[in-house]
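# Understanding the architecture of this molecule
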Amino acid sequence: MSGDKNTVGNSGHTFKEGRTFTIMDKFRTTEKVVFVWSLRDLIQQGRELLGYEAEEEVWLVLEEDGTEVDEDEYLELLPERTALMLLVRNQLWSPTLTAQGCFFDNGSGFPSNQLAAALLNHLQRSNALQAKCSGNIEEDDFPVQLIQEDGVSQLKIQ
């Protein structure tokens, strides 16, 4: 998380033209469209619109895959209306999950076994990252198993 409140968006860079982005919270419950001139501007507006305190450490990621956005130049390359997620300290990006697709074919061409494997991989990486950050989580604290029976994949939390 290199993008803390003291470093992200402090370059003073501004875009040649203003840019429009969609910004949301971690749970994707609040989504706002913003028009900004820089990364600093985006973070400031995001804090206000999502109700984050000015002192809170935040970082910005792409909603679709969690890629950190911590430079104006990278932000400027993103297409208009790109969905971004403003996370506060200790929050990690996670994919959108629905009940459909976890245990059934979701009709989107993304088989449930791939979704289950991706989710398992994400949970294991998140667990490892949290363990490094806090030192309080043991590997067995969140045991997850991928079970495949009759072509159906399921995640089993023990």
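Our subject is the structure that appears above.
These lines cover the structure that appears in this document, whether it is placed above or below. Bear in mind that the values here come from a model prediction, so they are computed numbers and not experimental data.

Before going further, it helps to spend a moment on unusual backbone geometry. For Arg-28, which is not glycine, the phi torsion reads 60° and is therefore positive. Even without being a glycine, Asn-90 presents a positive backbone phi close to 75°.

This part takes up helix H1 (residues 39-50). In this model H1 runs 16 Å from its N-terminal to its C-terminal C-alpha over 12 residues, within 8% of the 16 Å that 1.5 Å per residue would give. When we look at burial in H1, the residues that qualify are Leu-39, Asp-41, Leu-42, Ile-43, Gly-46, Arg-47 and Leu-50. Among the structural elements, strand S1 (19-24), strand S2 (31-36), strand S3 (58-62), helix H2 (72-77) and strand S4 (83-88) are those in contact with the buried residues of H1. In the stretch just after H1, Gly-51 is the one whose phi turns positive, near 80°.

For the rest of this paragraph, the subject is the pattern of salt bridges. What the rule picks out here adds up to two salt bridges. As a salt-bridge pair, Glu-80 and Arg-19 come within 2.7 Å of each other at their nearest N and O atoms. Placement of Glu-80 in the loop between H2 and S4 and of Arg-19 in strand S1 is noted, with a sequence separation of 61 residues between them. Judged by its relative accessible area of 9%, Arg-19 falls in the buried class.

This paragraph deals with the sheet that holds S4. Across the sheet, four strands lie side by side as S2-S1-S4-S3; this open sheet has mixed pairing. On the outer flanks of this sheet lie S2 and S3, each paired with one strand and no other. In this sheet, adjacent strand axes meet at a mean angle of 35° when their direction is disregarded. Bridge analysis of S1 against S4 gives three bridges, and the strand direction is parallel. From the neighbouring strand, Thr-22 faces S4, where its bridge partner is Ala-83.

Across the six residues that make up S4, a large majority, five, are buried. The sheet contact formed by S3 and S4 spans five bridges and is antiparallel. Bridge pairing links Val-61 to Met-85 in S4.

On to the environment of Ala-83, then. With respect to the element layout, Ala-83 can be found in strand S4. For the pair Ala-83 and Phe-21, spaced 62 residues apart in the sequence, the C-alpha separation amounts to 6.3 Å. Contacts of Ala-83, omitting those with residues within four sequence positions, involve Thr-22, Met-24, Leu-62 and Glu-63.

Below, the discussion takes up the nonpolar core. Counting residues in each nonpolar core, the largest one holds 18 residues, and the members touching the most others are Leu-42, Leu-60, Val-69, Leu-75, Leu-84 and Leu-86. Going through the elements one at a time, S1, S2, H1, S3 and S4 are the ones with two or more residues in this core. Per-element tally for this core: the top contributor is H1, with four residues. In this structure, Leu-60 is in contact with Ile-23, Leu-39, Leu-42, Thr-67, Glu-68, Val-69, Leu-84, Met-85 and Leu-86, ignoring residues within four places of it in sequence. If you look at the next biggest cluster of nonpolar residues, it comprises seven residues, including Trp-59, Val-61, Met-85 and Leu-92.

Each value, and the rule that gives it
Residues numbered from 1 in each chain as written. Predicted model: local features only at pLDDT ≥ 70, side-chain atom pairs only at ≥ 80, totals over all residues. Heavy atoms only, no water. Helix = DSSP H or I, 4+ residues; strand = E, 2+ residues; numbered from the N terminus. Expected span 1.5 Å × (residues − 1). Buried < 20%, exposed > 50% of the residue type's maximum accessible area, 1.4 Å probe, protein only. Contact = heavy atoms within 4.5 Å. Salt bridge = Lys/Arg side-chain N within 4 Å of Asp/Glu carboxyl O. Pairing = 2+ DSSP bridges. Axes fitted to C-alpha atoms, helices over the stretch in contact; angles between N-to-C directions. Core = buried A, V, L, I, M, F, W, Y, C linked by side-chain atoms within 4.5 Å.

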